[in-house]
Amino acid sequence: MLNWKNNVMALALASLAATPLVAQDAVNDATSTENAAAETQAREQVSPAIDEAVAALTETGNALKALEDGKNDEAAAALERAIGKLEVVLTQHPELALAPVDVSSTVVDITASPAVITKARKEALRLMKDDQLQLARPIIANLVSEVVVRTTSIPLATYPLALKSAAALVKDGKVDDAKLVLAQGLSTMVVEEVVSPLPLLRAAVLIEHAKALSEKENRSDEENETLAVLLDALDLEIAKGEALQYGGKDAFEPLKDEMKEIRKATGNGGFGKGFFDKLSGLFDGLGKSHNEAAGN
């Protein structure tokens, strides 16, 4: 049986080896920085954790531990502190339905070239048409290049009520019932995911670097070479985003057309402001379309 995961990785290495060494080194050196910047950008798009809500969650854990240890007075005190923290949240943020307590992110990035990705995607479609879903599944699972940001939040409509109910049960000596209420309250934590395509995020980072060089008069030969490498890298991100279908049909055509205009404007040492404005707007629109399609 054909192992598509291994074949995709092998072909990716082959395509990398075929890249000119100067461009390959420049892109490789920038990749980790671009990924870190892209991850930071993705995390900035979600609400940060609220300190008081985090403290309330910590105090809930303290109360449960105290109840397990038979320290009911300590549990009651911890619950009172948790309730107080959430009252602060409700006062300061009356519009909130969810209070974030944790934000984490995961980067998943396929290293294959756009051509290899397209080949794998077509093979997955062929397998599904042949009613071979399980053979197609591992191929599709690897066709990903994105940052997933997960936000865990306290539901403010119900969680404070659970804390108050548990506090009353502790006061009445109903420890087991109080532990059950707290466990049920913790199970209502809401986890939301925001998925941001890496090709779009990396393109934004590359545009900022290329924009600065494109505006510089009398660029040196080395700077012109660096700008050319950045434009090549932008072309690659556009091609990768298109191959992974992070946009609708023909969604990437305007980006490719605009890249041709930018190359004309910056060729032979050309410089000026605003060369990348339209391109940035096209990427912004593409990102919004993807988020809406993903239900975010």
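The model shown is predicted, which means the values in this text are computed figures rather than measured ones. (Residues numbered from 1 in each chain as written. Predicted model: local features only at pLDDT ≥ 70, side-chain atom pairs only at ≥ 80, totals over all residues. Heavy atoms only, no water.)

### A word on the sheet that holds strand β1 (residues 98–109)
Keep this limit in mind: Paired strands, in this sense, are two strands between which DSSP finds at least two bridges. The helix count covers DSSP runs of H or I at least four residues long, the strand count covers runs of E at least two residues long, and both are numbered beginning at the N terminus. To define axes, lines are fitted to C-alpha atoms, for helices over the stretch in contact only, and angles between the resulting N-to-C directions are given on a 0 to 180 degree scale.
Pairing in this open sheet of 3 strands is antiparallel, and the strands run β1-β2-β3 from one edge to the other. Since the sheet does not close on itself, it has two edges, and those belong to β1 and β3 (190–197), each with one partner. Taken over all neighbouring pairs, the strand axes of this sheet differ in orientation by 20° on average, direction set aside. Relative to strand β2 (residues 145–155), β1 runs antiparallel, the two sharing 11 bridges. By the bridge assignment, Ser104 is partnered in β2 with Arg150.

### With respect to the environment of Asp109
Put simply, the rule reads: Whenever two N or O atoms come within 3.5 Å, that pair is a polar contact, provided that in protein one can donate a hydrogen and the other can accept it, and provided that, for residues adjacent in sequence, both atoms are side-chain atoms.
Relative to the helices and strands, Asp109 is located in strand β1. A polar contact is formed between the side chain of Asp109 and the side chain of Ser145, at a distance of 2.6 Å.

### Thoughts on the pattern of salt bridges
We count it as follows: Basic side-chain nitrogens of Lys or Arg form a salt bridge, by our definition, when they fall within 4 Å of a carboxyl oxygen of Asp or Glu. Categorising residues by exposure relies on relative accessible area from a 1.4 Å probe, with only protein chains included: less than 20% of the type maximum marks a residue as buried, more than 50% marks it as exposed, and the intermediate range marks it as partly exposed.
Tallied over the entire structure, the rule returns 18 salt bridges. Asp235 serves as the salt-bridge partner of Arg263, at 2.5 Å between the closest nitrogen and oxygen. Placement of the pair is Arg263 in helix α11 (residues 253–266) and Asp235 in helix α10 (residues 221–243), with a sequence separation of 28 residues. Taking the relative accessible area as the measure of exposure, Asp235 reaches 29% and is therefore partly exposed. Here the salt bridges do not stand alone but share partners, grouping Asp109, Arg202, Glu237 and Lys240 into one network.

### Some words on the packing of helix α4 (residues 72–92) against helix α7 (residues 159–171)
Spelled out, the test is: The scheme is simple: roughly parallel for angles under 35 degrees, roughly antiparallel for over 145, roughly perpendicular for 65 to 115, oblique for anything else. We call a crossing left-handed when the near helix sits turned anticlockwise from the far one by less than a right angle, and right-handed when that turn is clockwise. In this description, contact between two residues means that some pair of their heavy atoms is separated by no more than 4.5 Å. Classification used: nonpolar for Ala, Val, Leu, Ile, Met, Phe, Trp, Tyr, Cys and Pro, charged for Asp, Glu, Lys and Arg, polar for all others including Gly.
Where α4 meets α7, the axes come as close as 9 Å, and the angle between the chain directions of the two elements is 155°. Taken together, the axes of α4 and α7 are roughly antiparallel relative to one another. Seen from above, α4 lies across α7 with left-handed handedness. Contact residues: Asn72, Ala76, Leu79, Glu80, Ala82, Ile83, Leu86, Glu87 and Leu90 in α4; Tyr159, Pro160, Leu163, Lys164, Ala166, Ala167 and Val170 in α7. Each residue belonging to the contact of α4 with α7 can be placed in one class, and the counts come to 12 nonpolar, 1 polar and 3 charged.

### Quick word on the side chain of Arg202
Positionally, Arg202 belongs in helix α9 (residues 198–214). Here Glu237 takes part through its side chain, which lies 3.0 Å from a polar atom of the side chain of Arg202. Contact partners of Arg202, with chain neighbours within four places excluded, come to Glu34, Asn35, Ala38, Asp109, Ser145, Glu237 and Lys240.

### Remarks on a nonpolar patch on the surface
Selection criterion: To count toward a patch, a residue needs a relative accessible area over 30% and no salt bridge; like charges are then connected within 9 Å, while nonpolar side chains (Val, Leu, Ile, Met, Phe, Trp, Tyr) are connected within 5 Å. To be clear on the numbers: accessible area is Shrake-Rupley with a 1.4 Å probe, and residue cover counts the displayed protein chains and nothing else.
On the surface, a cluster of nonpolar side chains totalling about 330 Å² of accessible area is made up of Leu125, Met128, Leu133 and Ile140. Elements represented by at least two residues in the nonpolar patch include exactly α5 (114–129) and α6 (133–142). By the element assignment, Leu133 lies in helix α6.

### Focus: the confidence of the model for the protein chain
In low-pLDDT segments, the atomic positions of the prediction should not be examined closely. Applied cut-off: Confidence per residue, as judged by the predictor, is encoded in pLDDT with a range of 0 to 100.
In the predicted model, the protein chain carries a mean pLDDT of 86, and 86% of its residues have values of at least 70. In the model, residues 1–27 has pLDDT below 50 throughout and makes 26 contacts with residues more than four positions away in sequence or in other chains.

### Considering the pairing of β2
Within β2, 10 of the 11 residues are buried, which leaves it mostly tucked inside the rest of the structure. As paired elements, β2 and β3 share 8 bridges and run antiparallel to each other. Bridge pairing links Thr152 to Val191 in β3.

### Thoughts on unusual backbone geometry
Phi at Asn218 takes a positive value of approximately 55°, unusual for a residue other than glycine. Looking at the element boundaries, Asn218 is found in the loop between α9 and α10. Even without being a glycine, Asn268 presents a positive backbone phi close to 55°. Turning to its location among the elements, Asn268 is positioned in the loop between α11 and α12 (277–293).

### So, the packing of α7 against helix α8 (residues 175–186)
As a packed pair, α7 and α8 sit with axes 8 Å apart at the nearest point and diverge in direction by 170°. Taken together, the axes of α7 and α8 are roughly antiparallel relative to one another. For the pair formed by α7 and α8, the contact residues are Tyr159, Ala162, Leu163, Ser165, Ala166, Leu169 and Val170 on the first element and Asp177, Ala178, Val181, Leu182, Gly185 and Leu186 on the second.

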